[in-house]
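# Architecture and fold: a report
Each chain, letter by letter, is given below.
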Amino acid sequence: MKLEVLYNPGNVICDYLKIKDDHKFIFRVFVNLTYYGKILGILAFYYARHFNF
């Protein structure tokens, strides 16, 4: 397993599935947006639950 999976999971998945060219770009963007979107959602939920305004 590459350490790259922590900061660029889309590239690791594309390499594993052997996706090339424009398909690689589109798939990598989709995977990275999903990955980072979930992380930001978890952080926002944690922030909202633990810090009252």
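Before reading on, note that the structure itself is shown above.
Conventions we followed
Residues numbered from 1 in each chain as written. Predicted model: local features only at pLDDT ≥ 70, side-chain atom pairs only at ≥ 80, totals over all residues. Heavy atoms only, no water. Helix = DSSP H or I, 4+ residues; strand = E, 2+ residues; numbered from the N terminus. Expected span 1.5 Å × (residues − 1). Buried < 20%, exposed > 50% of the residue type's maximum accessible area, 1.4 Å probe, protein only. Contact = heavy atoms within 4.5 Å. Polar contact = N/O pair within 3.5 Å; in protein donor to acceptor, adjacent residues only side chain to side chain.

With 30 residues, helix H2 (residues 21-50) should cover 44 Å at 1.5 Å per step; its first-to-last C-alpha distance of 44 Å lies within 8% of that length. Taken residue by residue, H2 has Lys24, Val31 and Asn32 as its buried positions. Where H2 is buried, its residues touch helix H1 (9-17).

Turning our attention to the side chain of Asn8. By secondary structure assignment, the location of Asn8 is in the segment before H1. A polar contact of 3.0 Å, which involves the side chain of Asn8, links it to the side chain of Asn32. Sequence-distant contacts of Asn8, defined by excluding residues within four places in its chain, comprise Arg28, Asn32 and Tyr36.

With that settled, consider unusual backbone geometry. Its identity as a non-glycine residue notwithstanding, Lys18 has a phi of 60°, on the positive side. Within the secondary structure, Lys18 is located in the loop between H1 and H2. Residue classification places Lys18 among the exposed positions, given a relative accessible area of 67%. A positive phi angle, near 60°, is found at Asp21, a position not held by glycine. Take Asp21: it is sitting in helix H2.

Before going further, it helps to spend a moment on the side chain of Asn11. As for its position among the elements, Asn11 is in helix H1. Accessibility expressed as a relative area gives 15% for Asn11, which makes it buried. Contacts of Asn11, omitting those with residues within four sequence positions, involve Glu4, Lys24 and Arg28.

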